[in-house]
Each structure stands twice: as C-alpha cells, then as structure tokens.
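The chain contents come next:
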Amino acid sequence: MKYFGTDGFRGEANVDLTVEHAYKVGRYLGYHYQKDDHKVRVVIGKDTRLSGYMYESALVSGLTASGADVYELHVTTTPSVSYLILEEGFDCGIMISASHNPYFDNGIKVINGQGFKLEPEVEEQIERYIDGEIGEIPLARKEKIGRCHDYSSGREKYKEHLKSLAKQSFDGKTVALDLSNGSASVMAREIFEALGAQVIAQHDEPNGTNINRDCGSTHIESLQSLMYDTGADIGFAYDGDADRCLAVDDEGKIIDGDHILYLCGKYLKEQNKLSKDTVVTTVMSNMGLYKAFDSLGISYEQTGVGDKYVCENMMANDYSIGGEQSGHIIFKEHAVTGDGILTSLMVMEAWLASGKPLSELTKELRIYPQILINVKVKDKLAAREDEDVKKAEQEVTEALGQSGRLLLRESGTEPLIRVMVEAETDEMCKENAMKIVEVLKAKNHAVE
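Residues numbered from 1 in each chain as written. Predicted model: local features only at pLDDT ≥ 70, side-chain atom pairs only at ≥ 80, totals over all residues. Heavy atoms only, no water.

Peer 1: Would you mind showing me how to read the overall build of the chain here?
Peer 2: Helices and strands together make up the secondary structure of the chain, namely 15 helices and 19 strands. Computed over the C-alpha atoms, the radius of gyration of the chain is 22 Å, within 12% of the 22 Å expected from 2.2 N^0.38 for a compact globule of 448 residues. When its C-alpha atoms are laid out on the principal axes, the chain stretches across 70 × 60 × 40 Å. Looking at the chain as a whole, 57% of its 448 residues qualify as buried. Within the chain, residue pairs in contact and separated by at least 24 positions form 71% of the contacts whose partners lie at least 6 positions apart. Summing over all exposed atoms, the chain offers an accessible surface of approximately 18,500 Å²; the carbon and sulfur share of this is 46%. (Helix = DSSP H or I, 4+ residues; strand = E, 2+ residues; numbered from the N terminus. Rg over C-alpha atoms; globule rule 2.2 N^0.38 Å. Buried < 20%, exposed > 50% of the residue type's maximum accessible area, 1.4 Å probe, protein only. Contact = heavy atoms within 4.5 Å. Areas by Shrake-Rupley, 256 points an atom, 1.4 Å probe, with all protein chains shown as cover.)

Structure representation (structure tokens):
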C-alpha cells in the first residue's frame with residue numbers, strides 16, 4: 001500500500017497527510033457505501049491533535065459531497081467509534097488519530113460496518129482514487145447532498161456502556177490515571193469516579209500539541225512517579241486515542257500487555273469464560289508469557305504484529321481474549337477492537353475478585369530480558385532482504401538456541417526496522433541485537 005499501513009493512513013500533518021487526501025478519502029467512502037436509495041451514514045471521531053480539526057472538516061466535506069450524512073463525535077476514543085458503528089448501524093466510521101505518535105503526526109483510521117478495520121481491497125481503491133487512477137466519482141445533487149450532525153450524545157452512550165460492564169464497586173480504591181493529554185481525557189476519570197474510585201489524574205489538559213508528550217502509555221515512568229508520590233492502589237496509562245492501556249501495580253512495577261493477557265487470561269479460565277482455553281498473542285509477546293501459560297494449561301496462538309491480526313484470529317476461531325505487549329487488548333465478549341479504558345476495567349475486575357494486591361497476581365510470570373532497537377532505514381524492503389542481514393539473523397538465531405529468540409521485522413507505520421532480542425541476560429540481549437544493527441549500518445541501510 002502507498003498510503004495505508006497496518007493502522008490506517010498516517011503521516012506528518014500537511015506533509016505526508018494533507019487535507020486534499022482527507023477530502024478524497026471522504027469522497028470515496030461516501031460513494032463506496034451508496035446502494036440504490038440507501039442514505040449512507042458515517043460516524044467520525046478525533047483525538048486532541050491540533051490538526052484534527054482540519055481533517056475533520058475535509059472528511060465531512062468529502063462525505064457530504066458524495067451524499068453521506070455525517071455524525072460528529074468530536075474528541076473521543078477509537079473504540080467508541082467501533083462500538084457506535086455496531087450499536088447504531090452506521091455504514092462505517094472514521095477516527096482521526098495517529099495513536100501514540102507525536103502531535104504533529106495524524107492519521108485517518110477507517111472502521112467498516114462490522115466494527116473492524118477497513119478491508120485492504122477498499123483501501124487500495126481509495127489509494128487509486130487519490131492518485132487519479134479511477135475516474136471521477138459523481139457528486140451528490142439537490143436533496144441528495146449529505147448533512148452533518150452533532151453526535152456528542154453518542155460519546156455519552158458509550159461512557160454509559162463502559163460503566164455498565166463493572167461487576168462491583170470501586171469504593172475504597174485509589175486509582176491513578178495518566179490520560180496522555182489525549183482522547184481518554186474526555187471520559188476515563190468520569191467513568192472511574194462513577195464506579196466509586198478515588199481518582200488521581202494527570203496529563204488531562206490537552207492543548208492540541210501536548211498529546212503523548214512525555215506522558216501516557218509510551219512514557220509509563222510518569223505514571224510510576226505519580227503512583228510513588230500518591231500511594232495509589234493501582235494506575236493506568238493510555239495512549240493518544242485510548243485504544244491501548246498499560247498499568248502500574250502497588251509495588252510500582254509495569255503491567256504491560258503480556259502481564260494483562262496473563263492475569264486476565266488466568267481469571268477468565270478460572271471463571272470458565274476462556275474460550276477453548278486459548279489466548280491470542282503477537283510474535284512480540286515475551287517467551288516468559290508462553291512458559292507461564294504452559295504451566296496454567298492455557299494454549300496460545302501467535303499472529304503478526306498489529307491488533308488487526310489479533311482481531312482476525314480471534315474472530316475466525318471464536319477466542320475470547322487476545323492482544324499485544326504494547327497494551328492493545330481485545331475482550332471479545334465486549335468489543336471487537338482494542339479498548340484501553342475497557343481493558344483497565346477488566347484488570348480491575350480480575351484484581352478485585354482475587355482479594356490480593358495486584359503485584360501478587362503476576363508473580364508467577366517471569367519476563368525474560370528483552371531489548372528492542374528501532375533502526376531508521378532508507379528502504380525497509382531492501383534492508384530486510386539484504387543477504388548479509390539475513391546471514392546475521394541466522395547466526396544470532398542459532399547462537400540463542402532455546403534460551404532466547406530474535407525477531408526482525410519492518411514497522412507497518414514508520415521507516416523502521418525493529419530488532420527485538422530476548423535472552424537470559426540483558427547483556428546477551430544487547431550483544432545479539434547490536435550484531436544486526438551493525439550489519440544494517442555497515443551496509444548503508446541505516447539513516448544516521
């Protein structure tokens with residue numbers, strides 16, 4: 001794909017992603033879903049980035065020009081868009097967000113009528129339309145021109161849905177929240193307080209340029225500091241569009257996606273709700289997670305990196321939970337996409353049901369040391385297919401044997417080669433990862 005990656009059309013605002021792109025995406029989608037006299041209905045949300053307003057306007061213009069009616073949620077979370085598509089029967093939804101990227105990036109995530117990410121064949125047609133490879137599509141005329149509606153009520157409906165999922169009160173518990181100056185700022189605190197928790201929130205004053213800046217799930221150390229300073233019982237951090245969540249326990253330890261899959265998978269198994277006793281992971285999950293699952297009698301599936309692939313596997317095989325180390329977790333009983341706030345509620349449920357400190361719930365999970373080095377490259381494919389890089393990959397894999405592993409892959413959204421090594425010690429991780437990095441630099445693939 002030229003424009004669409006694993007998580008939509010993403011790039012620097014007004015550089016890689018322009019309002020002209022957004023307008024054409026809207027034009028094509030409004031046209032694509034037209035059937036006979038059916039009135040196309042599209043729901044749109046955005047995170048707190050400054051550029052979100054211009055993309056929202058451009059998308060609305062394109063959609064209504066093609067005859068679609070648009071329902072604006074304004075600032076909201078990505079999973080709320082997916083939820084409302086299913087609840088209200090929208091033809092599709094659009095989330096304007098670059099997730100965990102810095103504020104000057106933005107993206108267009110299109111979600112189909114089933115609440116899943118848009119089909120690749122439709123993305124390909126949109127790209128062809130953007131590049132002028134498809135003839136001009138008809139403009140709506142007269143009464144067929146679309147309308148735009150304020151749909152803030154949809155966001156309220158979603159918040160009530162999340163509140164309804166809690167099985168017990170959070171009374172007496174102090175919860176620390178890092179809202180990343182992003183989408184979670186408009187709802188997370190309210191939800192936890194409505195359920196009885198005493199909430200201590202930070203990074204909840206978005207200004208358009210501070211989203212993800214030294215905060216949220218990509219800077220979990222900020223939440224650890226808040227936990228230390230306040231003595232909160234548990235903490236949660238979200239990313240910019242709140243589709244992922246990481247936690248911090250009562251001892252200040254990071255509870256990442258692997259920990260969440262472990263404690264929630266174990267809890268669901270104990271409740272006889274773990275379908276086929278299987279959890280879906282990506283290839284990035286830690287070796288220690290699989291060893292812990294083996295000891296619990298829990299099977300696992302591995303997919304490519306991306307919650308899209310986790311979701312596809314879960315839906316195809318009717319599994320109940322899956323996710324990524326980064327905190328994209330899918331609970332199939334409640335959602336068809338990663339949902340950070342939902343994930344935090346499910347962690348709360350497992351924790352409160354145990355009657356133990358959160359730190360005790362993951363003690364049997366031994367996480368192997370891991371290093372991930374992102375190497376910016378000129379050409380991802382050329383770097384990945386280089387014979388010397390492949391040779392170094394084979395040598396490292398053989399050297400690690402059964403005591404570790406190497407994962408070498410291309411980023412789906414950035415010009416990066418990701419080098420991940422797990423081994424018994426930090427020194428072994430670094431030594432083996434650098435063997436790959438040095439070859440990438442020696443072969444002139446890396447951008448200094």
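More follows now that the structure is in view.
Peer 1: So what exactly am I meant to see when it comes to the sheet that holds strand β5 (residues 92-96) here?
Peer 2: Paired through their backbone hydrogen bonds, the strands of a sheet run either parallel or antiparallel. An order of β1-β2-β6-β5-β3-β4-β7 is seen for the seven strands of this open sheet, with the pairing classed as mixed. On the outer flanks of this sheet lie β1 (4-5) and β7 (148-150), each paired with one strand and no other. When β1 meets strand β2 (residues 8-12), the two strands line up antiparallel, connected through two bridges. Looking across to β2, one finds that phenylalanine 4 is bridged to phenylalanine 9. With respect to the sheet, helix α3 (residues 78-88) is in contact with β3 (41-46), β4 (69-75), β5 and β6 (105-111), its orientation differing from that of β5 by roughly 165 degrees. (Pairing = 2+ DSSP bridges. Axes fitted to C-alpha atoms, helices over the stretch in contact; angles between N-to-C directions.)

Peer 1: When you look at the pattern of salt bridges in this model, what are you seeing that I'm missing?
Peer 2: Two side chains with opposite charge may pair up if their charged atoms get near one another. Within this structure, the stated rule accounts for 29 salt bridges. The partner of aspartate 241 in a salt bridge is lysine 109, with the nearest N and O atoms 2.6 Å apart. Residue aspartate 241 is found in the loop between β10 (234-238) and β11 (245-248), and its partner lysine 109 is found in strand β6; the two are separated by 132 residues along the sequence. By relative accessible area, lysine 109 is classed as buried at 6%. (Salt bridge = Lys/Arg side-chain N within 4 Å of Asp/Glu carboxyl O.)

Peer 1: Just checking my understanding: could you explain helix α11 (residues 340-354) for this structure?
Peer 2: Quick reminder: α-helices carry 3.6 residues per turn. Residues three or four places apart thus point the same way. An ideal rise of 1.5 Å per residue puts 21 Å on 15 residues; α11 measures up with 21 Å between its terminal C-alpha atoms. Burial within α11 is extensive, with 13 of its 15 residues counted as buried. Measuring from the backbone nitrogen of isoleucine 341 back to the side-chain oxygen at the start of α11 gives 3.2 Å, which picks out aspartate 339 as the cap. (Expected span 1.5 Å × (residues − 1). Polar contact = N/O pair within 3.5 Å; in protein donor to acceptor, adjacent residues only side chain to side chain.)

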